[in-house]
Amino acid sequence: MKFLFCFLSFLIGSGSVLAGVIKGKVTDAKGTSLPYATVYVKGTTIGVSSNSSGEYKLSVPDGTYQVYCQYIGFTQEHFNVTVSGDKEIMHDFILTDEGLKIEEVVIKMSREDPAYRIIRNAIKQRKYHLRQIESFQTSIYFKGVMRSRDMPEKVLGQKVNTAELGVDSLGKGVLYLTEEEADYYTNGRQEKTVIHAVHESGDKSGLGFSRFPHVITFYKNNVNMLGSSSRGFISPISENALNFYNYKLLGTFDEQGKTIYKIRVFQKRKYEACFNGIIYIADSSWAIHSLDLNLTKMSGLDFVDTLKVEQVYIPLSEDNWVIKSQVLYFAVNIMMFDITATGVAVYNNQQANTFIDDAVFAGKIKSQYDKTANKIDSGHWENRPIPLKEDEVVDFRVKDSLNEIRSTPQYIDSIRRRNNRFKPMAWLVGEPVYSGKEYKNIYRFNALALGLFRESVINYNIIEGFDLAPKANWLHKIDSSTNLNVDGALRYGFSNRHFNAITRVSYTTHDRAWRNRAWTYGVEGGKYVFQYNPANPVMPFLNTYRCLLVRENDLKIYERWEAAGFVKRNYGNGLSWFIKADWQRRLPLTNTTTFSIIPGSTGGFADNAPPPLKAVAAEWEPHNAMLVNASVSYRPGITYTQYPDYKVANRSRWPLFRATFQKAIPGILDGKADFEKWQFSVRGVTRFGFLGNMKYNILTGGFLKTAYVSFPDLKHIRGMRGIGYSAPYLESFQFAPYYQFSNKDHFFTEAHLEYHMNGLLSNKIPVMKQAGFHLLFGANVFYSAANNNYTETFIGVDNIGWKMVRFLRIDFVQSWDSHGGSNSGIRFGFNLSSASNSKYSPIESEW
């Protein structure tokens, strides 16, 4: 539920207990409730919002006040009140429609709408108002609720447990509910959130959301609504807004001596990244007074059906307006789940352009929880700035009670036993997982026959014939910070009748107070089958298909005995290193069968020792190798989230720098291999906002010594064959042969570049704009000192799919190489983020 809701968690708030309480309801003249209206005390930043039923509750100290109520599209109302003691004062606000002056809106023929003059003035003042909040601090109260309006009885054959989700038998109810209080600080360069209290329905120790955009500012040219990976949307008052928007002045009204313009904004062209709705601009200061804007599919919105934002600002001074409240709403209907979510924030104690001590931002901590933030007594929330609705009160009460039951060992164990039931599809195409009592032991296995992303149990190649290759993983949790990990694999080839077995045992200990900081120690030993390229470019599942149905075997393998030990250190600050000492006994294998479902000559299958490797490597023979592998990686710019009991590193936007070195030492344990190889890489993403982003992975390296370099030790590039493509895009070549460019040169360079337009241009192409597909283009290049070069360029379409499920990609690729070869064609692939960010280098783990 947090994943679906996280981009709505934009704000949080303060809730200090004060003496008097003013409460009531906000309605229009007909008695209709006005949800999320802003109620505040004039001359201060104290205020609240009404809930979705229009009910509000404002706590103030003793004194005499003017209390104002404001709602977009209605005339502001106020009343005078004196508060003393802890008495409760009732007052209902009845707001009337805006009394717009429309005589000023008459437009003569051939003249532009008066709204354009106002917008031009707002654009001129945009940077000024943006600077006003560069140094900004505020207290925030946030309430987020996600509701279901309907859901199916079954999904993929599995019955939906409505009771466990917290909804009724009709699929209606609250799915997720949280409220938070925090203080937010920014000096224009850094920002920090200090979270004082969290109340998450159904989880008394829940932590809510630690990081989120606190204010969606329309003074920026690019408005980021969906997180850092989105290219954003164009603000109606951005520098170039007039190229994208039409404007219409609907009228004016006076409010506290200020003239306010009501302007309708709407996009000029469909499927451009633009908002539609109403924006109010204050005369003279040309500041945003309030707004009600929305995004739909016509705005290029992919993930949800509707996304809406409402904001209300109040003046701190004559020309300095600060946000008072913000409401974010989204709706999505996918696979018969009809879900809505609302995130409401109330800001108090706002201070703009005031000094913030650098000590506030010390330690690179972006978010910090008070030690007792998730242990606050329920009485603390009695004076929340937004009253709970009746169903929200029930949700907190029922789910908090259920949490007591679900926290018992008996209930936890019943869920474990249910999850351990036999699942045929998991065994066929997935990864079966079984857990022991208290989840201290977790067991994982590979799929039987259709392992799309990892090797399955049953495979076929012409070296081993049909083979059985079961793999298992056992994770034993010694305590909350220490675990033992055991991997094991067996393999038997029915044609060559070879049996192999290998295992790896690792011990990891984490810093209890710094989750990302860890030591890992391990050993590995046994005999197994390996590809010549340690990156494993050939997927066994696809090779099985090609052998049996196309009579082509791409899998080139050998056997080796292995005894190794390794150590890995992650400092939790972006720096980590790895070292491994590895003795190997390499054993060549030959083809033992030509069986294929498709009939053909016996010469249809190539030799297991590719000619390009024979041409550059030492004679392929049984031999020993004593190897030392070392790597160090560093990503600058790491920041942290300080939870009540531990700290966690946040991912940085800086690129990842990585250096590796491999040395073969002859003479030790009869080692024959004798070489030295190095590599340095830089990998990252450069974001251009509305213009998309550039992903890159650039490597350089070479051999310092080449006395004896065998097949597995060469520099290999990651090639691919067939129309389907599943390798990580930023690590591989879409059309390159697997071993033609393998080498032992003293210098090589490899580069992978992809420019993702993220909807730019494609929003003007029929069909693509309606479907939400995105254009991309790029190149993969390999250069070596021996003129063994390869280049390919491509143009593609990604973001193919439906709503939130968009991971397919199609590329047209053209390639050239230094041997006079060229190729072109179509590639279909999966653009999965997990696939494009390899966790380990090949020298850490191959099998």
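Residues numbered from 1 in each chain as written. Predicted model: local features only at pLDDT ≥ 70, side-chain atom pairs only at ≥ 80, totals over all residues. Heavy atoms only, no water.

Visitor: So, the overall build of the chain: which residues are in play, and what are the values?
Guide: Looking only at helices and strands, the chain features ten helices and 45 strands. Projecting the C-alpha coordinates of the chain onto the three principal axes gives extents of approximately 95 × 70 × 55 Å. Within the chain, the proportion of its 847 residues that are buried is 53%. Taking contacts inside the chain between residues at least 6 apart in sequence as the whole, the part at least 24 apart equals 64%. In the form shown here, the chain has an accessible surface area of approximately 37200 Å², with 58% of it arising from carbon and sulfur atoms. Of the charged side chains in the chain, 98 are positive and 81 negative; the average position of the first set lies 4 Å away from that of the second. (Helix = DSSP H or I, 4+ residues; strand = E, 2+ residues; numbered from the N terminus. Buried < 20%, exposed > 50% of the residue type's maximum accessible area, 1.4 Å probe, protein only. Contact = heavy atoms within 4.5 Å. Areas by Shrake-Rupley, 256 points an atom, 1.4 Å probe, with all protein chains shown as cover. Lys, Arg positive; Asp, Glu negative; His and termini not counted. Charge placed at Lys NZ, Arg CZ, Asp CG, Glu CD.)

Visitor: Requested: an account of helix α8 (residues 540-550), with residues and values cited.
Guide: Of all the positions in α8, only P540, N543, T544, R546, C547 and L548 are classed as buried. Where the residues of α8 are buried, they touch β26 (458-461) and β27 (465-468). Downstream of α8 by a residue or two, R551 has a phi angle that is positive, lying close to 60°.

Visitor: Requested: an account of the nonpolar core, with residues and values cited.
Guide: Counting residues in hydrophobic clusters, the biggest one holds 79 residues, and the most contacted among them are F218, M225, Y245, Y247, I263, F275 and I288. The dominant element in this core, judged by the number of residues it contributes, is strand β21 (residues 320-334), at seven residues. When near neighbours in sequence (up to four residues on either side) are disregarded, Y245 contacts Y116, I234, S235, P236, V265, F266, Q267, K268, C274 and F275. Ranked by size, the runner-up nonpolar core spans 37 residues in total, among them A469, C547, A664 and L714. (Core = buried A, V, L, I, M, F, W, Y, C linked by side-chain atoms within 4.5 Å.)

Visitor: So what's going on with the packing of aromatic side chains? Which residues, and what values?
Guide: Scanning the model with the defined rule gives 41 aromatic pairs in all. Ring geometry for Y261 and W286: centres 6.2 Å apart, planes at 15°, overall stacked. Here Y261 is found in strand β17 (residues 258-267), whereas its partner W286 is found in the loop between β18 (276-282) and β19 (288-295), with 25 residues between them in sequence. The same class applies to Y261 as to W286, namely buried. Seen in terms of ring centroids, F807 and F830 are 5.8 Å apart; in terms of plane orientation they differ by 25°. Their pairing is stacked. You can see F807 sitting in strand β44 (residues 805-817) and its partner F830 sitting in strand β45 (residues 822-830), a full 23 residues away along the chain. (Phe/Tyr/Trp six-rings, centres within 6.5 Å; stacked < 30°, edge-to-face > 60°.)

Visitor: Before we move on, could you go through the confidence of the model for the chain and cite the residues and values that matter?
Guide: Chain-level statistics for the chain give a pLDDT mean of 88 and a share of 92% at 70 or above. Contacts for the low-pLDDT stretch residues 3-18, under 50 throughout, to residues beyond four places or in other chains number 80 contacts. Counting interchain partners and residues more than four positions distant, the pLDDT-below-50 stretch residues 834-843 has 16 contacts. (pLDDT = per-residue confidence, 0-100.)

Visitor: Which residues make up the sheet that holds strand β6 (residues 77-83), and what are the values?
Guide: Pairing is antiparallel in the open sheet, where four strands are placed in the order β3-β2-β5-β6. Strand pairing shows two members of the sheet lacking a second neighbour, β3 (47-49) and β6, which therefore form its edges. Neighbouring strand axes in the sheet, compared pairwise and without regard to direction, differ in orientation by 20° on average. In this structure, strand β5 (residues 63-70) lies alongside β6, joined through seven bridges in antiparallel fashion. Each bridged residue has a counterpart across the sheet, and for V67 the counterpart in β6 is F79. (Pairing = 2+ DSSP bridges. Axes fitted to C-alpha atoms, helices over the stretch in contact; angles between N-to-C directions.)

Visitor: Which residues make up the environment of I463, and what values go with them?
Guide: Residue placement: I463 occurs in the loop between β26 and β27. Residue I463 is classed as buried on the basis of its relative accessible area, which comes to 0%. Beyond its immediate chain neighbours, meaning those up to four positions away, I463 contacts N496, N553, L555, I557, L589, T590, N591, T592 and N608.

Visitor: Could you give an account of helix α2 (residues 115-124), with specific residues and numbers?
Guide: Burial analysis of α2 places seven of its ten residues in the buried class, the great majority of the element. Burial in α2 covers these residues: A115, Y116, I118, I119, N121, A122 and I123. Next to the buried residues of α2 lie α3 (126-132), β16 (245-255), β17 and β18.

Visitor: Provide a residue-level description of the pattern of salt bridges, including the pertinent values.
Guide: Within the structure shown, the criterion is met by 43 salt bridges. One salt bridge in this structure joins K204 and E404, with 2.7 Å as the shortest N-O distance. A residue pair is termed long-range when its members are at least 10 positions apart, and K204 in the loop between β13 (191-200) and β14 (222-223) and E404 in helix α5 (residues 390-406) qualify at 200 residues. The exposure class assigned to K204 is partly exposed, which follows from its relative accessible area of 46%. Through salt bridges that share partners, D487, R504, E524, R560, E562 and K580 make up one connected network. (Salt bridge = Lys/Arg side-chain N within 4 Å of Asp/Glu carboxyl O.)

Visitor: So, the pairing of strand β29 (residues 482-493): which residues are in play, and what are the values?
Guide: The side chains of a regular strand alternate, residue by residue, between the two faces of the sheet. Pairing between β27 and β29: two bridges, direction antiparallel. Of the residues in β29, the one forming a bridge with L468 is Y492. Two strands pair when backbone bridges link them, and strand β28 (residues 471-479) and β29 are joined in this way by eight bridges, in the antiparallel orientation. Its bridge partner lying in β29, L475 is registered against N485. Taking the residues that link successive antiparallel strands as the turn, the β28-β29 hairpin has two residues. As judged from the eleven bridges shared by β29 and strand β30 (residues 499-511), these two strands associate in the antiparallel manner. Within β30, the residue paired with N485 across the bridge is S506.

Visitor: How would you sum up a nonpolar patch on the surface? Please name residues and give values.
Guide: On the surface, I458, F466, L468, F494, Y545, L549, V550, F595, I597 and I598 cluster together to form a nonpolar patch covering roughly 900 Å² of accessible area. Among the elements that line the nonpolar patch, the one with the most residues is α8, at three residues. Assignment of secondary structure puts I598 in the loop between β33 (575-587) and α9 (611-616). We classify I598 as partly exposed; its relative accessible area is 36%. (Patch = residues over 30% accessible without salt bridge, like charges linked within 9 Å, V, L, I, M, F, W, Y side chains within 5 Å.)

Visitor: Which residues make up the pairing of β44, and what values go with them?
Guide: Pairing between strand β43 (residues 790-802) and β44: eleven bridges, direction antiparallel. Bridged to I795 within β44 is F812. The hairpin formed by β43 and β44 contains two residues between the paired strands, and K803 there has a positive phi angle of roughly 50°. Relative to β45, β44 is paired through nine bridges, and the arrangement is antiparallel. Counterpart to D811 in the pairing with β45 is R827. Hairpin geometry of β44 and β45 is characterised by an intervening segment of four residues between the two adjacent antiparallel strands and by a positive phi of about 90° at G820.

Visitor: Give a detailed account of the side chain of T186, specifying residues and quantitative values.
Guide: Mapping T186 onto the fold places it in strand β12 (residues 173-186). Residue classification places T186 among the buried residues on the basis of a relative accessible area of 11%. From its side chain, T186 meets the backbone oxygen of Q190 in a polar contact 2.9 Å long. Not counting chain neighbours up to four residues away, the residues in contact with T186 comprise I133, E134, S135, F136, E191, I356 and F361. (Polar contact = N/O pair within 3.5 Å; in protein donor to acceptor, adjacent residues only side chain to side chain.)

Visitor: Can you explain the side chain of H716? Please cite residues and give values.
Guide: Among the structural elements, H716 can be located in the loop between β39 (693-708) and β40 (724-725). For H716, the side chain forms a polar contact with the main-chain oxygen of F711, separated by 2.9 Å. If we skip the residues at most four places from it in the chain, H716 touches Y532, N533, P534, L613, F711, Y739 and S742.

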